[in-house]
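These are the residues of each chain, in order.
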Amino acid sequence: MTDIDSDPLDGPAGLPGTGHNAAEITVSELSQAIKRTLEGRFDRVRVKGEISGFKRAASGHLYLMLKDENAALKSVCWKGNAARLGIIPEDGMEVIATGRITTYGDRSEYQLVIERLELAGIGALLRMIEERKKKLAAEGLFDPARKRPLPTLPAVIGIVTSPTGAVIRDILHRLADRFPRHVLVWPVLVQGEGAAAQIAAAIRGFNALEVGGSVPRPDLLIVARGGGSIEDLMAFNEESVVRAAAESAIPLISAVGHETDTTLIDFASDRRAPTPTAAAEMAVPVRSELMAQLGEIGQRLSSGMNRRLGEARLTLEGLARGIPEPMRLIQEKAQSLDGWLERWANARLPYFRLRQDRLSQLRAELKTPHQQLAEARSAIDLAANKLGAAFHLSLERNYRGLERVAGGLAPRLLSDLMTRKRTSLDHLGQLLDSYSYEKVLERGFALVRDAAGKPVLTAAAVSAGDTLTVQFRDGSVDAVAGGAASEKPKKRQTPPAAPQGSLL
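Only a predicted model underlies this, so the values are computations on that prediction, with no experimental measurement involved.

Draft legend 1. Expanded view of helix 4 (residues 166-178). Across its 13 residues, helix 4 extends 18 Å between first and last C-alpha, which sits within 8% of the 18 Å expected from 1.5 Å per residue. Buried within helix 4 are the following residues: Val167, Ile168, Ile171, Leu175 and Arg178. Angular distribution of buried residues about the axis of helix 4 spans 110°; they occupy a single face of the element. Turned more than 90 degrees off the buried face of helix 4, the exposed positions are Arg169 and His173. Where the residues of helix 4 are buried, they touch strand 6 (156-161), strand 7 (182-187), strand 8 (220-225), helix 8 (276-283) and helix 9 (287-321).

The structure is reproduced here in structure tokens:
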């Protein structure tokens, strides 16, 4: 039996009928209806899948795809939730995403808005840790050569841990029992969201403290946490924490979990402690044991010094037995000194007397300057007499030789020589006559003489009013100087002179 009031083409409740006579709706209205349906039906879901196509936008939002062997689901994590995720998404990571399904109307797509993200299973988590370990090891962060020795007795110890757990109390109690030290605690979260960032910031914060500042810089760091599951210890496997531990300039002890727990910070730290209590034991020695050790060393040092002094004393006594008595040595040297003084007193008088005699002898042999001058004068006179005699003898020999030569010359040769001599004398007389000043006067020049009859050679020698005599070739004329000698006479035009003949 069929109900005639019902329409078999009616759609779901709240939507118009889908028959040929159904009302039309817009794409936006349909998109909003689908959105409300999906969000109402899937307002909170947990989806397991593998991350693919992960990327972080400049705005801080995370975009990824969750997939399995049959399907894929677009997912987004807004910036506010991305900062609170316990893990950093990576491609290939198998996770469980918690969130809600919604639609993106512009593309008619539905997507998962992620609010929480966790690894799916221990196997996937261990695989991720192993891959991260290989990556950091390849960068050399776990190289044993980077590890530094721990200080023997640090003055200040910095502890990075939770301030409310039992770990900090165990460490402080153990330090107080062994060797009380000044302790600085940097409180951090040791698990959950934001724990890794706080731990890395604490390590770098301790390293940033200045030596000698208001807050003392630790000599040793301890990063500690109690035991827990692998998920609880995940913050100490984060890359940021491992890098901060490797970059620390302060020696660092990692004490995370129990003895069987191993995290990546253990490989980057300078020393790994199986427990936080063991870290305190590594940090400081036992004070009583140290004092006992120092006492033992002091006793050994004292015994060694006493033994060394005893041996030195025996050696000194043995050497002393081979040395004569000091007073006897002094007396012998004093007696020897007296002998030398006596010999010196007896030897100095003859020595000075001998020197005095030698000086008298030299004084007697020494001639006075007058005696030396007289002897030199006598030697000069003798040499002059000898030179004069030799000179006269040489002249006489030369004269006689000339006489012999002259007597042998022919009269004609003598006449010829006399003729040539006479001719030469005539030429010399003519040359001298041509150079006389009278010949110069004949060529038109004049000779000026002053009142004393001396020739005036320069104009500067003539003063105004001086009486002068001007001699020409045919006579002399008296003249008086009319201007100062320093005045430059005016140049007057004179007719060109006749060509000058030769003086010769």
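Draft legend 2. The pattern of salt bridges, seen in detail. One pass over the full model with this rule turns up 14 salt bridges. Among the ionic pairs, glutamate 115 bridges to arginine 44, the shortest N-O distance being 3.5 Å. Of the two residues, glutamate 115 sits in strand 5 (residues 109-119) while arginine 44 sits in the loop between helix 1 (27-41) and strand 1 (45-56), which places them 71 residues apart along the sequence. Given the relative accessible area of 57%, arginine 44 is considered exposed. When the shortest N-O distance is used, the salt bridge between aspartate 270 and arginine 148 registers 3.2 Å. Within this pair, whereas aspartate 270 is found in the loop between helix 7 (264-268) and strand 10 (271-272), its partner arginine 148 is found in the loop between helix 3 (122-138) and strand 6, the two being separated by 122 residues in sequence. Overall, the relative accessible area of 28% leaves arginine 148 in the partly exposed class.

Draft legend 3. Summary view of the sheet that holds strand 11 (residues 447-449). Across the sheet, which stays open at both edges, the three strands sit in the order 11-12-13 with antiparallel pairing between neighbours. Each edge of the open sheet carries a strand with a single partner, namely strand 11 and strand 13 (475-480). Averaged over all adjacent pairs, the angle separating strand axes in this sheet is 25°, with direction ignored. Two strands pair when backbone bridges link them, and strand 11 and strand 12 (residues 467-472) are joined in this way by three bridges, in the antiparallel orientation.

Draft legend 4. How the structure looks around the packing of helix 4 against helix 8. Running from N to C, helix 4 and helix 8 point in directions that differ by 30°, and their axes come no closer than 8 Å. Judged by the angle between their axes, helix 4 and helix 8 are roughly parallel. As helix 4 runs across helix 8, the sense of the crossing is right-handed. Of the residues in helix 8, those touching helix 4 at Val167, Asp170, Ile171, Arg174, Leu175 and Arg178 are Pro276, Thr277, Ala280, Glu281 and Ala283. Of the residues assigned to the contact of helix 4 with helix 8, the class counts are six nonpolar, one polar and four charged.

Draft legend 5. Spatial organisation of the pairing of strand 12. Pairing of strand 12 with strand 13, which is carried by six bridges, proceeds in the antiparallel orientation. Each residue of the ladder has a partner; that of glutamine 471, found in strand 13, is serine 476. Counting the residues between successive antiparallel strands, the hairpin from strand 12 to strand 13 contains two residues.

Conventions used here
Residues numbered from 1 in each chain as written. Predicted model: local features only at pLDDT ≥ 70, side-chain atom pairs only at ≥ 80, totals over all residues. Heavy atoms only, no water. Helix = DSSP H or I, 4+ residues; strand = E, 2+ residues; numbered from the N terminus. Expected span 1.5 Å × (residues − 1). Buried < 20%, exposed > 50% of the residue type's maximum accessible area, 1.4 Å probe, protein only. Arc of directions from axis to C-beta. Contact = heavy atoms within 4.5 Å. Salt bridge = Lys/Arg side-chain N within 4 Å of Asp/Glu carboxyl O. Pairing = 2+ DSSP bridges. Axes fitted to C-alpha atoms, helices over the stretch in contact; angles between N-to-C directions. Parallel < 35°, antiparallel > 145°, perpendicular 65-115°, else oblique. Left-handed = near helix turned anticlockwise from the far one by under 90°. Nonpolar A, V, L, I, M, F, W, Y, C, P; charged D, E, K, R; others polar.

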